[in-house]
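Observations on the three-dimensional arrangement
Take a look at the letters that make up each chain.
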Amino acid sequence: MGKKKAKWYLIPLILVMTVVPLIVRMYFFNSHLSQFDWYPDSGETLDKQDFFLYYKAVAVILLAIVMCAVLAYRYTKKKREFKWCYELVPVLIYAVLTLLSSLFSQYRYFCFHGMAEIFESVWVLLGYCVILFYAYELINTIEDVDCVMRWLTVGLGVMLVIGVMQALGHDPFNMEFVKKMIISPKFWDELDRFSIVFEQGRVFLTLYNPNYVASYFALMLPVEIALLVKTRKWVYRIIYVVMIGASLLCLLASGNRSGILAFLGTIVLAVIVLFKHMLKAWKFVIPAALAATVFFAVFISRNDMIIQKFIYLFNLPDKTEYPVSRIDTGDEEVVFTYMGQEFHISYEIDAEGNIYVSMLDGNKQAVNHTLDSENLIYVVQDTRFPDFAIQIVRLNEEIAIKVTADYRDWYFKKGEDGTYYYYNIFGRWDKINNAPHFAENFMSKTFEARGDIWAKTIPILKNCLLFGYGADTFTIAYPQDDYVDKVYRGSQANIDAKPHCFYLQVAAQSGIPALIAVMALYIWYLVTCFRLYIHASYENGLEIIGVGLMLATFAYLISSVANDSTVAVAPIHWAMLGMGIAINEILKKQKENGSAEVTKDGKKPKK
């Protein structure tokens, strides 16, 4: 009876790790971002659609509630004692700081409802903590671990079928019956207008973006290899070998470099921890390494996308300075900074409707110009400002000026408050934010587009010394109104919703202390693992799975440098982390008691 009950209690954990990542369903919603002038004005209409994230987030919240109910039942009705270890303290600190950051946030709506393209509300983030704690509490024996791993294998198998089909150019999401499964029946007459695929041969699974494929297989590959080593049945070994091969194919076909680097980095850690055992098993290790090398070589010879990305990364040119380095939309004028020189522009409209334009340099001296009175164009005749021109125009029945500088057109108007505003690509008037950039040249050259985002994210952390901006608020905290930078990058219509770095994401949303707590959790866990597994005999199945979970966590942490947390993958990570801590506790108790039949609380499992 004990084993059956344990397995029943594991159902919510199994669903989190196997079913949640597979959920795909169309969801129309209002983003509520039109209140910000850097976003299109959609009013109260349903301006966004989601397929991959919203219902995953709903499932995580519901399963977290179920887990809380199960835990409450166990501790009240069954009189089970809480198990506790010091590694859970950072989790509690992170949860409290995340909740407080959201409660004190000025953007509480998004904190508690979720943000478009992310849907990691405070309820989801707290749900992750519940998942970790639940896994820690409910994993007590090797039978519990085996049960979860069996179902994890099934879920992975379904995911690999989808991934291999995508890699071979037969994306299931292009199939009519699949579209009907994930799209509301009222849209079945117009299925062709719904496209949720990337380029042919690119793997994104059911995870929304190929970037998250790296995070997913960072978790799965080490666990698959551990299961391969643990099993003694040749049928299962063949199945795991095939699955590992398919996983490598999907990882490579995702085109994500961070996943490749995470995999290679994890191999280094595996060699350090398992060196003696690898030497003993050289007859298996060497053929496996050669097979993996050949697999990589064959794939790259047929698809050089990964190689081209790495070549591009190491040949990036230095960032060039923009001729227009900043534009200030001030209270009384617009100021261009062009090649280090200031160009001040303002205009006045008299009672008769006549418009007078003023142009001054940084010393408040008039700038020479000529006037084309027919077209109302002022042409600057100053060599410090070549090809500068100002024209009086009408935008949306309003008087405005068009400033041509560095062969680009910039539109401004004097608002009702008497100050100047910029006319952005969405047809909205907004102030220009000349956001500070941290180590911009290094970031841009070394990390490409991610580096550009990091360079503008790091400066906002000065506001996160205690609490962050709140759960799921990065889109708002990030300087979306840095229009000069956007114009020069050709990204005026882009909304940067993610920092592309889990650690910056935590710091910005939950605060720097929350990030310290998360890092303390990881370091604590990995150090504990290192001490346990570097001297392990691996005759115990728990040791094999435990080291697999350690390597999975390590790989995930590496990939998270260039990937955000996502509800498509993060629940698996938190569940595995909870399982890893639980297994470590079991192994420590076994070591202390000199027994292979001991649970986390030091007691023998029920038969």
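Every value quoted in this text rests on a predicted model; they were computed, and no experiment measured them.

What follows deals with the overall build of the protein chain. Regarding its fold elements, the protein chain presents 20 helices and 13 strands. In terms of principal-axis extent, the alpha carbons of the protein chain reach across some 95 × 55 × 55 Å. Residues classed as buried in the protein chain amount to 56% of the 607 residues present. Considering only residue pairs separated by 6 or more positions, the protein chain has 68% of its internal contacts joining residues 24 or more positions apart. Surface exposure of the protein chain reaches about 28,000 Å², of which carbon and sulfur atoms provide 61%. Across the protein chain, 57 positive and 58 negative side-chain charges occur, with their mean positions spaced 19 Å apart.

For helix α11 (residues 257-280), built from 24 residues, the straight-helix expectation of 34 Å at 1.5 Å per residue is met to within 8% by its first-to-last C-alpha distance of 32 Å. Along α11, the sharpest kink reaches roughly 85°, centred on leucine 274. Among the residues making up α11, those that are buried are Arg257, Ser258, Gly259, Ile260, Ala262, Phe263, Thr266, Leu269, Ala270, Val273 and Leu274.

Moving on, we come to the packing of aromatic side chains. Enumeration according to the criterion identifies 41 aromatic pairs in this entry. With a centroid separation of 5.7 Å and an interplanar angle of 25°, the aromatic rings of phenylalanine 173 and phenylalanine 204 are classed as stacked. Taken together, the residues span a long stretch of sequence, with phenylalanine 173 in the loop between α7 (142-167) and α8 (176-182) and phenylalanine 204 in the loop between α8 and α9 (210-230) at a distance of 31 residues. Per residue, the accessibility class of phenylalanine 173 equals that of phenylalanine 204, and both read buried. Look at tyrosine 423 and tryptophan 429: their rings are 4.7 Å apart centre to centre, the planes differ by 55°, and that puts the pair in the tilted class. Judged by relative accessible area, which is 17%, tyrosine 423 ranks as buried. Judged by relative accessible area, which is 13%, tryptophan 429 ranks as buried. An aromatic cluster is present here, built from Tyr322, Phe336, Tyr338, Phe343, Phe385, Phe388, Trp410, Phe412, Tyr422, Tyr483 and Tyr488 joined pairwise through their rings.

Take the pattern of salt bridges next. Across all of its chains, the model carries 17 salt bridges by this definition. One salt bridge connects lysine 456 with aspartate 482, and the closest N-O pair in it is separated by 3.6 Å. Taken as a pair, lysine 456 in helix α14 (residues 440-457) and aspartate 482 in the loop between α15 (474-477) and α16 (483-489) lie far apart in primary sequence, 26 residues in all. A single salt-bridge network, built from bridges that share partners, covers Asp452, Lys456, Asp482, Asp485 and Arg489.

This part takes up the pairing of strand β6 (residues 355-361). For a regular strand, side chains alternate in direction, first toward one face of the sheet and then toward the other. Looking at chain direction, strand β5 (residues 341-349) and β6 are connected through 7 bridges and run antiparallel. Looking at the pairing, tyrosine 347 lines up with valine 357 of β6. Between β5 and β6, which pair antiparallel and follow one another directly, the connecting turn spans 5 residues, one of which, glycine 353, has a positive phi of 90°.

Relative to the helices and strands, threonine 457 is located in helix α14. Assessed through its relative accessible area of 0%, threonine 457 is described here as buried. Once residues lying within four places of it in the same chain are set aside, the contact partners of threonine 457 are Phe474, Tyr478 and Leu504.

We now examine the nonpolar core. Nonpolar side chains in soluble globular proteins generally cluster together in the buried interior. Leu13, Phe336 and Tyr533 are the most contacted members of the largest nonpolar core, which has 192 residues in total. Take this core: its biggest share by element is 14 residues, from helix α6 (residues 122-138). Apart from residues no more than four positions distant in its own chain, tyrosine 533 is found in contact with Val273, Tyr538, Glu543, Gly546, Val547, Met550, Ile583, Asn584 and Leu587. Ranked by size, the runner-up nonpolar core spans 6 residues in total, among them Leu395, Ala400, Tyr423 and Trp429.

This next bit is on the sheet that holds strand β7 (residues 369-372). Read from one edge to the other, the open sheet built from 7 strands follows the order β7-β8-β9-β10-β11-β12-β13, with strand pairing classed as antiparallel. Whereas interior strands pair on both sides, the edge strands pair on one side only; in this sheet they are β7 and β13 (429-430). Here 7 bridges tie strand β9 (residues 389-395) to strand β10 (residues 398-405), and the two strands are oriented antiparallel to one another. Counterpart to arginine 394 in the pairing with β10 is isoleucine 399.

With 9 of 9 residues buried, helix α17 (residues 502-510) lies mostly within the body of the structure. Looking only at α17, the buried set comprises Phe502, Tyr503, Leu504, Gln505, Val506, Ala507, Ala508, Gln509 and Ser510. Remark: glycine 511 follows α17 within two positions and exhibits a positive phi of approximately 105°.

Locating isoleucine 260 in the fold gives a position in helix α11. For isoleucine 260, a relative accessible area of 7% translates into the label buried. Measuring from C-alpha to C-alpha, the distance between isoleucine 260 and tryptophan 123 comes to 32 Å, with 137 residues separating the pair along the chain.

Right, let's talk about the confidence of the model for the protein chain for a bit. Averaged over all residues, the pLDDT of the protein chain equals 88, while 92% of them reach at least 70. Residue range residues 1-6 is modelled with pLDDT below 50. Its contacts to residues more than four positions away, or to other chains, number 3 contacts.

What counts, and where the lines are drawn
- Residues numbered from 1 in each chain as written.
- Predicted model: local features only at pLDDT ≥ 70, side-chain atom pairs only at ≥ 80, totals over all residues.
- Heavy atoms only, no water.
- Helix = DSSP H or I, 4+ residues; strand = E, 2+ residues; numbered from the N terminus.
- Buried < 20%, exposed > 50% of the residue type's maximum accessible area, 1.4 Å probe, protein only.
- Contact = heavy atoms within 4.5 Å.
- Areas by Shrake-Rupley, 256 points an atom, 1.4 Å probe, with all protein chains shown as cover.
- Lys, Arg positive; Asp, Glu negative; His and termini not counted.
- Charge placed at Lys NZ, Arg CZ, Asp CG, Glu CD.
- Expected span 1.5 Å × (residues − 1).
- Bend = angle between axes of the 7 residues up to and from the residue.
- Phe/Tyr/Trp six-rings, centres within 6.5 Å; stacked < 30°, edge-to-face > 60°.
- Salt bridge = Lys/Arg side-chain N within 4 Å of Asp/Glu carboxyl O.
- Pairing = 2+ DSSP bridges.
- Core = buried A, V, L, I, M, F, W, Y, C linked by side-chain atoms within 4.5 Å.
- pLDDT = per-residue confidence, 0-100.

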